[in-house]
Amino acid sequence: MKKSRLEAFSDGVIAIIITIMVLELKLPDHDKGDLSSLLPMLPFFLSYVLSFINVGIYWNNHHHMMYLVGSITGGALWANLNLLFWLSLMPFATEWMANNHFSTWPVALYGAILIMCALAYTLLAGILVSHCGKNSELAEAMGKDWKGKVSIVIYATAIALAFVNPLISCALYVVVACTWFIPDRRIERKVYHKNHQD
């Protein structure tokens, strides 16, 4: 099957996810028109920035990965829907974490959703690599995916630490986001090579 509908649908869902998150940034009830009235919004803003970056990372890497794929299978469609499902829970987790000022259970749930997103992305990548073949550009670009595996371990550690100090967990979420902030270099190199061949 052609990949264009999968890409268009994914782009639309991710755009809606980001829109829902930004709509949660509401003005405070007692707005005095100065910066001090915005202070209560700080947890919401920080949570929104972290979630926006995380969703943006998935969109970026998803785009790069799909660029190296010529066609998709039914399994890839379902794997992609699985990824979008977990990403669609980000607005809920973001708001709950912000509403409770980064307390234990919301921070742990946020990490659980991050793990599920990472696992869903890994599953999708695995299905696409299997479809494209072991010698394909995508397979070479993905390699052993140590970065993805380490990220999952850090998320699991952060969830456990949420019951000790939730702020340490949040710091670990930020660390993982920072490592993925630049689009995956492995895939980016293959995309660059493919562009210059074309």
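## Comments concerning the overall build of the chain
- Looking only at helices and strands, the chain has nine helices and zero strands in total.
- Taken from the N to the C terminus, the helices and strands of the chain come in the order α-α-α-α-α-α-α-α-α.
- Across the 198 residues of the chain, 42% fall into the buried class.
- Counting only contacts in the chain whose residues sit at least 6 apart along the sequence, the fraction spanning at least 24 positions is 79%.
- For the chain, the accessible area works out to roughly 10,800 Å², and carbon and sulfur atoms hold 69% of it.

## Brief notes about the packing of aromatic side chains
- Counted by the stated rule, this structure contains seven aromatic pairs.
- Both rings, one in Phe85 and one in Trp86, keep their centres 5.0 Å apart while their planes meet at 75 degrees; by these two values the pair is edge-to-face.
- Here the aromatic rings of Tyr110 and Tyr173 are separated by 5.7 Å at their centres, their planes lie at 50 degrees, and the arrangement is tilted. Pair noted here: Tyr110 is in helix H5 (residues 104-132) and Tyr173 is in helix H8 (residues 166-180), with a separation of 63 residues, a long-range link. This pair shows no difference in class: Tyr110 is buried, exactly as Tyr173 is.
- Between Lys147 and the ring centre of Trp180, over which it is positioned, the NZ or CZ distance is 4.4 Å.
- One residue, Lys149, lies across the ring of Trp146, its end atom 4.8 Å from the ring centre.

## Here's the deal with the packing of H5 against H8
- At a minimum axis distance of 9 Å, the contact between H5 and H8 shows a crossing angle of 25 degrees. The orientation of H5 with respect to H8, classified from their angle, is roughly parallel. Where H5 crosses over H8, the handedness of that crossing is left-handed. Along its contact with H5, which presents Thr104, Val107, Ala108, Tyr110, Gly111 and Leu114, the element H8 presents Pro166, Ser169, Cys170 and Tyr173.

## Quick notes on the confidence of the model for the chain
- On average, the chain scores 88 in pLDDT, and the residues at 70 or more come to 89%.
- Predicted confidence in the chain is weakest over helix H9 (residues 185-197), with a mean pLDDT of 59, and strongest over helix H3 (residues 74-88), with 96.

## Some points on helix H4 (residues 90-99)
- By the burial criterion, the buried members of H4 are Met90, Pro91, Ala93, Thr94, Met97 and Ala98. The buried residues of H4 all sit within an arc of 165 degrees when viewed along its axis, so they share a single face.
- Directly beyond the C-terminal end of H4, a positive phi value near 50 degrees is found at His101.

## A closer look at the environment of Ala108
- Its place among the elements puts Ala108 in helix H5.
- In this structure, the C-alpha to C-alpha distance between Ala108 and Leu161, residues 53 residues apart in sequence, is 8.5 Å.

## What about a nonpolar patch on the surface?
- Together, Leu42, Phe45, Leu46 and Val49 make up a nonpolar patch on the protein surface, roughly 340 Å² of accessible area in all.
- Residue position: Phe45 is located in helix H2 (residues 42-67).

## Quick notes on the packing of helix H1 (residues 4-23) against H3
- Close contact between H1 and H3 brings their axes to 10 Å; oriented N to C, the two are set at 5 degrees. Comparing the axis directions of H1 and H3 gives the class roughly parallel. Within the contact between the two elements, H1 uses Leu6, Phe9, Ser10, Val13, Ile14 and Ile17 and H3 uses Ala76, Leu77, Asn80, Leu81, Leu84, Leu87 and Ser88.
- When the residues that make up the contact of H1 with H3 are grouped by side-chain class, the tally is 10 nonpolar, three polar and no charged.

Criteria and cut-off values
- Residues numbered from 1 in each chain as written.
- Predicted model: local features only at pLDDT ≥ 70, side-chain atom pairs only at ≥ 80, totals over all residues.
- Heavy atoms only, no water.
- Helix = DSSP H or I, 4+ residues; strand = E, 2+ residues; numbered from the N terminus.
- Buried < 20%, exposed > 50% of the residue type's maximum accessible area, 1.4 Å probe, protein only.
- Contact = heavy atoms within 4.5 Å.
- Areas by Shrake-Rupley, 256 points an atom, 1.4 Å probe, with all protein chains shown as cover.
- Phe/Tyr/Trp six-rings, centres within 6.5 Å; stacked < 30°, edge-to-face > 60°.
- Lys NZ or Arg CZ within 6 Å of the ring centre and 35° of its normal.
- Axes fitted to C-alpha atoms, helices over the stretch in contact; angles between N-to-C directions.
- Parallel < 35°, antiparallel > 145°, perpendicular 65-115°, else oblique.
- Left-handed = near helix turned anticlockwise from the far one by under 90°.
- pLDDT = per-residue confidence, 0-100.
- Arc of directions from axis to C-beta.
- Patch = residues over 30% accessible without salt bridge, like charges linked within 9 Å, V, L, I, M, F, W, Y side chains within 5 Å.
- Salt bridge = Lys/Arg side-chain N within 4 Å of Asp/Glu carboxyl O.
- Nonpolar A, V, L, I, M, F, W, Y, C, P; charged D, E, K, R; others polar.

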